[in-house]
Amino acid sequence: MAFPGDHLPVSVRVRFAPSPTGHLHVGGARTALFNYLHARRQGGVFVLRIEDTDAARSTDESLAAIFESLEWLGLSWDEGPKVGGAHGPYLQSKRRDRYALHGRSLETAGRAYPCFCSAEDLEERRRAQTARGEPPRYDGRCRSLDPAERQRQMEAGLPRALRFALPESGESVWDDVVRGRVAFRNELLDDFVLLRSDGLPTYNFACVVDDHEMEITDVVRGDDHISNTPRQLLLYEALGWTPPRFAHVPMILGQDGTRLSKRHGATSVAAYRERGFLPEAMVNFLALLGWSYDGQRELFSLAELEQLFRLERVGSNPAIFNVEKLEWLNGQHLRALPEAERVRRVAEFLRARGETGFEMRSPEWQQALVRAIGDRLKTLTDARTYGAFALEETLEVDEAAWAELRERPEVGPRLRALAARVAADREFTLETLERDLRGLAAELGIKAGELIGAARVALTGRKVSPGIFEVLWLLGRDRSVRRLEDAAARWEASPRAGV
RNA sequence: GGCGCUAUCGUCUAGGGGUCUAGGACAGGUGGUUCUCAGCCAUCAGACCGGGGUUCGAAUCCCCGUAGCGCUACCA
């Protein structure tokens with residue numbers, strides 16, 4: 001029921017607020033995804049806000065990297081850097097006046113006070129508290145400063161921070177969308193800093209001011225922020241603002257169950273991109289980390305997720321990032337791609353890695369290679385692995401594969417015979433090549449598989465490859481003949497244990 | 001240490017008191033198909049952290065314990 005003066009039922013407004021202190025990691029990407037999906041599903045607005053109040057750690061490179069990763073994933077923002085919006089600026093470093101303004105009003109209202117304690121002092125007092133077995137928290141020294149003394153310190157021009165004067169009793173409670181009721185006793189909190197002595201806001205203050213001014217209705221963030229929520233709730237109360245709804249999504253852990261970090265290997269979405277993962281798979285995988293549709297269906301496109309995602313279906317237990325599932329999903333999405341698109345992605349991927357062997361070939365050849373690799377393609381990197389025999393001029397021979405071949409009898413002559421057939425094949429199609437080889441095997445009285453095995457090592461240098469007729473076709477007549485003969489010569493020159 | 005969050009197969013999860021002899025997926029085993037591998041098909045193995053309650057009945061509700069993680073900064 002609406003009353004005069006009430007806000008009209010506002011549509012959902014969510015935000016993703018990374019700090020530009022490094023690449024976008026998968027945990028952040030997942031938070032961004034959930035925010036994005038929630039906004040899309042509810043017909044709301046997705047805001048991107050940059051929390052760069054830590055001047056020492058924030059960099060432009062990080063900022064650019066975050067934009068790039070979000071764009072790659074397809075998570076477009078409706079308001080924020082690059083696109084603008086009515087609630088800007090969207091960089092906290094450009095909003096100092098806002099924080100100062102609200103800081104002053106809190107101070108005037110007696111809800112905040114200047115603190116002249118130095119960092120060293122604070123550190124020492126904390127140490128003493130810990131030594132005494134007490135919880136380390138601000139002792140309130142400057143809160144109880146008498147007005148004359150406070151005035152004197154101000155006039156002396158001592159660096160001052162602004163601290164929030166917390167209520168000593170009561171509870172901060174909220175109904176979390178993913179966890180239900182969460183409560184903290186206020187007395188356990190301490191008078192935290194709102195504005196640093198350099199005038200920049202700390203996280204909790206900036207966050208509350210911005211969420212309010214940007215009219216954020218739903219705060220969806222990692223559950224490492226749960227214990228910040230009571231502090232923020234208290235700020236909303238002190239400022240006379242209505243707090244948003246909170247949804248604390250579980251964190252993503254490394255294989256060992258601890259918070260995902262560099263020691264768990266690749267953690268940035270950029271790294272997965274470089275490894276040949278598709279944004280489609282990444283999005284699908286991230287969505288499944290914490291959210292489920294019905295426990296059965298697992299394959300989703302971003303567009304489908306925008307329709308099906310519900311914050312209420314997000315679970316509350318932390319998830320371990322397991323790459324095997326990502327790889328499987330990547331294979332699924334790769335196969336779902338129309339062939340032409342798959343070829344395009346392979347070309348793009350190889351080009352980004354500075355490999356030109358693929359894109360120099362004809363479209364028909366490119367398509368044939370990708371088709372020959374077929375379902376072996378789980379990541380785009382596999383295109384290079386399985387296509388190396390045709391992409392690279394010099395053949396790298398796997399030692400184990402060769403060792404096996406070397407010990408087998410009759411290989412040399414057989415490879416030479418096959419070379420002759422291939423050389424004589426005027427049509428050179430998959431059909432004629434198959435006829436050549438199977439015909440020869442029959443004449444030699446051996447199984448086709450045996451001849452194929454030897455040819456595979458000779459032509460690709462490996463024990464594993466795409467189908468042998470495709471291999472021959474991709475290599476072309478000249479290269480095929482040459483490799484077969486080279487292998488035969490090498491076999492003939494090799495001493496054999498049993499001979 | 002204090003506070004908080006979490007707890008179902010190795011992993012991601014379904015499950016909201018009886019239909020659960022707990023379902024699906026990845027990974028793993030076995031068999032089949034094929035020129036290898038991948039894929040595909042079939043099949044097997046694999047879990048409700050422990051202890052108390054509540055209830056006719058608990059994976060599901062409550063309490064305690066345990067474990068993991070997070071926060072405990074003039075980081076975010």
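Attention here is on the structure that accompanies the text. (Residues numbered from 1 in each chain as written. Chains lettered and ligands numbered in written order. Predicted model: local features only at pLDDT ≥ 70, side-chain atom pairs only at ≥ 80, totals over all residues. Heavy atoms only, no water.)

**Quick look at the protein's contact with RNA strand B**
By nearness alone, 65 residues border RNA strand B, and Thr53, Arg179, Arg196, Glu298 and Arg376 come closest of all. Near the protein, meaning within 4 Å, the atoms of RNA strand B are sugar or phosphate in a fraction of 76%, with bases accounting for the rest. Between RNA strand B and Arg259, the relevant distance is 2.8 Å, taken from a phosphate oxygen to a side-chain nitrogen or oxygen of the residue. The backbone of Leu288 places a nitrogen or oxygen atom 3.0 Å from a sugar or linking oxygen of RNA strand B. Those elements that place two or more of their residues in the surface near RNA strand B are α4 (119-131), β4 (161-164), β6 (180-185), β11 (319-320), α11 (323-336), α18 (448-460) and α19 (468-493). Broken down by class, the residue content of the surface near RNA strand B amounts to 24 nonpolar, 19 polar and 22 charged. (Near = heavy atom within 4 Å. Polar contact = N/O pair within 3.5 Å; in protein donor to acceptor, adjacent residues only side chain to side chain. Helix = DSSP H or I, 4+ residues; strand = E, 2+ residues; numbered from the N terminus. Nonpolar A, V, L, I, M, F, W, Y, C, P; charged D, E, K, R; others polar.)

**Some words on the sheet that holds strand β3 (residues 112-115)**
As summarised here, the arrangement of the three strands in space is β3-β4-β7, forming an open sheet in which the pairing is antiparallel. Strands at the two margins of the open sheet, each flanked by one partner only, are β3 and β7 (193-195). Across the sheet, the mean angle from the axis of one strand to that of its neighbour is 45°, orientation sign disregarded. Pairing of β4 with β7 involves two bridges; the strand directions are antiparallel. Residue pairing across strands places Arg163 opposite Val193, the latter belonging to β7. In the packing of helix α3 (residues 96-108) onto the sheet, contacts are made with β3, β4 and β7, and the angle to β7 comes to roughly 125°. (Pairing = 2+ DSSP bridges. Axes fitted to C-alpha atoms, helices over the stretch in contact; angles between N-to-C directions. Contact = heavy atoms within 4.5 Å.)

**Overview of the packing of aromatic side chains**
Remark: the centre distance and the inter-plane angle together describe each pair of aromatic rings, the angle taken between the planes. Per the stated rule, a full pass over the model turns up 13 aromatic pairs. Between Phe67 and Trp77, the aromatic rings sit 5.6 Å apart at their centres with planes inclined by 25°, giving stacked as the arrangement. Of this pair, Phe67 sits in helix α2 (residues 60-73) while Trp77 sits in the loop between α2 and α3, and the two are ten residues apart along the sequence. Take Phe67: its relative accessible area is 10%, and that puts it in the buried class. Under the relative-accessibility criterion, Trp77 is labelled buried at 8%. Centroid distance Tyr293 to Phe300: 5.9 Å. Interplanar angle 75°. Geometry classified as edge-to-face. By relative accessible area, Tyr293 is classed as partly exposed at 32%. Joined through ring pairs, the aromatic side chains of Phe34, Trp291, Tyr293, Phe300 and Phe309 make up one cluster. Across the ring face of Tyr138, the terminal group of Arg163 is positioned such that the distance to the ring centre comes to 3.6 Å. (Phe/Tyr/Trp six-rings, centres within 6.5 Å; stacked < 30°, edge-to-face > 60°. Buried < 20%, exposed > 50% of the residue type's maximum accessible area, 1.4 Å probe, protein only. Lys NZ or Arg CZ within 6 Å of the ring centre and 35° of its normal.)

**Quick notes on the environment of Ala442**
Tracing the backbone shows Ala442 in helix α17 (residues 430-444). With a relative accessible area of 56%, Ala442 lands in the exposed category. Measuring from C-alpha to C-alpha, the distance between Ala442 and Arg196 comes to 85 Å, with 246 residues separating the pair along the chain.

**Some remarks on unusual backbone geometry**
Cis geometry is adopted by the peptide bond preceding Pro89, which originates at Gly88 and carries an omega value of -5°. Within the fold, Pro89 resides in the loop between α2 and α3. The backbone phi angle of Glu215 is positive, close to 55°, even though this residue is not glycine. When its relative accessible area of 38% is taken as the criterion, Glu215 is described as partly exposed. In this structure, Glu410 takes a positive phi of about 70° despite not being glycine. Position of Glu410 among the secondary structure elements: in the loop between α15 (399-407) and α16 (411-424).

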